[in-house]
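Structural features, examined
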Amino acid sequence: MNIEVKADNTLGVMRAAWVITAIFILSNAATPLYGIWQDELGFASGILTVIFGCYILGLLMTLIVAGQLSDHYGRKAMLLPCIVIAIAAAVLFEAAQSVFVLMLARFLTGVSVGIVVSAGMANVVEQTSSHRKHFASLMASVAMVAGAGSGPLLAGVIAHYCADPIRLVFSTEILLLLLALVAVLRQPHRKLGTGTFRPKLPSIPKQSIGVVLLGVTFFGPGITATSFVLSLGPKMLATFLHTNQPLLSGVMAFFMFLTAVLVQFAMKPFSVKKMFLLSGLSTILSMLSLWFALHFGSAAWLLVGALFAGAGQGLGQLGGLTLIADNVSANRRAEANAIFNIGGYIPAGIIPVATGYLIEFFGLEMGVTALACFIASSALLALGGLAMSARVA
């Protein structure tokens, strides 16, 4: 009987994790296709990062209320509209003939991701018993980065081999989202809150503030590094190789997130402090590699930087989610996840956009150098904070 319960729990975790994966496939599927849209619509690097920033804007606006709504109305009540919004975004991408439509599609993608990182992450953890929370947290984190990496790989392969890649990429994604919709419909509905819902700014219990902030100090620099690779990595590749390479852009993004998945499995038996230590070091090495890529005009160093960025994000994310699962009660967990992601995605939205305009006005070297210095300094400060907390403990 015990084995059957565990199997059922594992199946529930996997179904819930698939919803996260399907949404995150959409989140980065556009990455290798930006070169095609740039050629067709004729926009510059600054506009490209603004399009990416629309995604972050939609995500952040959603995170403010998504966690509270999920903690009140339940996970299923939020995940159903989340998938519908994602399908609408995929339809807009498929039909986009202007920069405005691309911005709207990215904004709606951000809204769906904002819902899934609040309700979806908590939903995975709650599909199993309390003694398997670490397993569920790992699956939620892996589902996110697996989807984020699979999207650009799928789009890159299709763009390389097919004559009409945009239509085929997003038609495929719509099918994947419909499978996620079936998974959510099979899940029982449980309303968690009572009384009338009253929205407020996201908050967490005072005793949990330090836990969430510690996770943000490592997750923030890591996801800012991967956001730069996603938004401007294809441009750097095209500059180094003197041609647009959607397949290579997709492969680079895929291996970046594959690294994030592998390091999470590898570090699962270790303490959160060790996860954070390696996260900070990986992010610093990522920025050093990006500088080498710029200095030597090397696509190989750019790939190395992407891999280190994936490790930095993956370990910072896993450490933060594990702390939340261990220290925040179930009825505040989605809200805590929302705050954790807000803290990470604010710099991930602002810094790449600022870098895009630095590149446009002052050149690639100035923009990338400024970005590398800022992110590496942030990771170094996080490591200093971790060392101080270790001495206090």
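Residues numbered from 1 in each chain as written. Predicted model: local features only at pLDDT ≥ 70, side-chain atom pairs only at ≥ 80, totals over all residues. Heavy atoms only, no water.

**Here we look at the overall build of the chain**
- Secondary structure assignment for the chain yields 13 helices and zero strands.
- Overall, the chain shows an N-to-C arrangement of helices and strands of α-α-α-α-α-α-α-α-α-α-α-α-α.
- For 393 residues, the compact-globule estimate of 2.2 N^0.38 gives 21 Å, and the chain sits close to it at 20 Å.
- Structurally, the chain occupies a C-alpha span of about 60 × 50 × 40 Å along its principal axes. (Helix = DSSP H or I, 4+ residues; strand = E, 2+ residues; numbered from the N terminus. Rg over C-alpha atoms; globule rule 2.2 N^0.38 Å.)

**Some points on helix 8 (residues 206–241)**
- With 36 residues, helix 8 should cover 52 Å at 1.5 Å per step; its first-to-last C-alpha distance of 51 Å lies within 8% of that length.
- Largest kink in helix 8: about 55°, centred on leucine 232, with the proline proline 234 one to four residues after it.
- Positive phi appears at histidine 242, one or two residues downstream of helix 8, with a value of about 65°. (Expected span 1.5 Å × (residues − 1). Bend = angle between axes of the 7 residues up to and from the residue.)

**Re the pattern of salt bridges**
- Per the counting criterion, the structure on display carries three salt bridges.
- The residue arginine 75 makes a salt bridge to aspartate 71 at a minimum N-O spacing of 2.8 Å. Here arginine 75 matches aspartate 71 in class, with each residue buried.
- Bridged by salt links that share partners, the residues Glu94, Asp164 and Arg167 form one connected network. (Salt bridge = Lys/Arg side-chain N within 4 Å of Asp/Glu carboxyl O. Buried < 20%, exposed > 50% of the residue type's maximum accessible area, 1.4 Å probe, protein only.)

**As for the packing of helix 6 (residues 133–161) against helix 9 (residues 246–267)**
- Two elements in contact, helix 6 and helix 9, have axes whose closest approach is 7 Å; the angle formed by their N-to-C orientations is 165°. With respect to helix 9, the axis of helix 6 lies roughly antiparallel. As helix 6 packs across helix 9, the resulting crossing turns out to be left-handed.
- Of the residues assigned to the contact of helix 6 with helix 9, the class counts are 19 nonpolar, seven polar and no charged. (Axes fitted to C-alpha atoms, helices over the stretch in contact; angles between N-to-C directions. Parallel < 35°, antiparallel > 145°, perpendicular 65-115°, else oblique. Left-handed = near helix turned anticlockwise from the far one by under 90°. Nonpolar A, V, L, I, M, F, W, Y, C, P; charged D, E, K, R; others polar.)

**Some details on the confidence of the model for the chain**
- This prediction gives the chain a mean pLDDT of 86; 95% of its residues lie at or above 70.
- In this model, residues 1–8 is a region of pLDDT below 50 whose contacts with residues beyond four sequence positions or in other chains number two contacts. (pLDDT = per-residue confidence, 0-100. Contact = heavy atoms within 4.5 Å.)

**Side note on the environment of histidine 131**
- Inspection of the secondary structure puts histidine 131 in the loop between helix 5 (99–125) and helix 6.
- Between the C-alpha atoms of histidine 131 and valine 157, which are 26 residues apart in sequence, the distance is 40 Å.

**Quick look at a nonpolar patch on the surface**
- Residues Ile64, Val65 and Leu201 make up a contiguous nonpolar surface patch of roughly 260 Å² in combined accessible area.
- Structurally, leucine 201 is set in the loop between helix 7 (165–185) and helix 8. (Patch = residues over 30% accessible without salt bridge, like charges linked within 9 Å, V, L, I, M, F, W, Y side chains within 5 Å. Areas by Shrake-Rupley, 256 points an atom, 1.4 Å probe, with all protein chains shown as cover.)

**A short note on the side chain of serine 289**
- Note that serine 289 resides in helix 10 (residues 272–296).
- Judged by relative accessible area, serine 289 falls into the buried class, the value being 3%.
- Apart from the residues within four sequence positions on either side, serine 289 is in contact with Trp301, Val304, Gly305 and Phe308.

**Points about the packing of aromatic side chains**
- Tallied over the entire structure, the rule returns 13 aromatic pairs.
- Between tyrosine 34 and tryptophan 37, the aromatic rings sit 6.0 Å apart at their centres with planes inclined by 50°, giving tilted as the arrangement. Taken together, the residues span about one helical turn, with tyrosine 34 and tryptophan 37 both in helix 2 (residues 34–41) at a distance of three residues. An identical accessibility class is assigned to tyrosine 34 and tryptophan 37; each is buried.
- Residues tryptophan 37 and phenylalanine 170 carry aromatic rings whose centres are separated by 6.4 Å and whose planes lie at 25° to one another, so their mutual orientation is stacked. Taken together, the residues tryptophan 37 in helix 2 and phenylalanine 170 in helix 7 connect sequence positions 133 residues apart.
- Taking the relative accessible area as the measure of exposure, tryptophan 37 reaches 0% and is therefore buried.
- Each member of the aromatic cluster is reached from another via a ring pair, and the members are Tyr34, Trp37, Phe93 and Phe170. (Phe/Tyr/Trp six-rings, centres within 6.5 Å; stacked < 30°, edge-to-face > 60°.)

**Points about the nonpolar core**
- Phe24, Trp37, Phe170 and Tyr345 are the most contacted members of the largest nonpolar core, which has 117 residues in total.
- Here this core takes 13 residues from helix 6, the largest share from any one element.
- Residue contacts for tyrosine 345: discarding those within four places in its chain leaves Phe24, Tyr55, Ile56, Leu59, Leu60, Met144 and Ile223.
- Val211, Phe218, Phe276 and Leu386 belong to the second-largest nonpolar core, a separate cluster that totals eight residues. (Core = buried A, V, L, I, M, F, W, Y, C linked by side-chain atoms within 4.5 Å.)

**Quick word on the environment of proline 269**
- Here proline 269 lies in the loop between helix 9 and helix 10.
- By relative accessible area, proline 269 is classed as exposed at 70%.
- Considering only alpha carbons, one finds proline 269 and leucine 214, 55 residues apart in sequence, at a separation of 20 Å.

**Describing the packing of helix 10 against helix 11 (residues 299–327)**
- Put simply, helix 10 and helix 11 touch, their axes get as near as 7 Å, and they point 160° apart. In terms of their interaxial angle, helix 10 and helix 11 are classed as roughly antiparallel. Classified by chirality, the crossing of helix 11 by helix 10 is left-handed.
- In terms of residue class, the contact of helix 10 with helix 11 is made up of 18 nonpolar, 11 polar and no charged.

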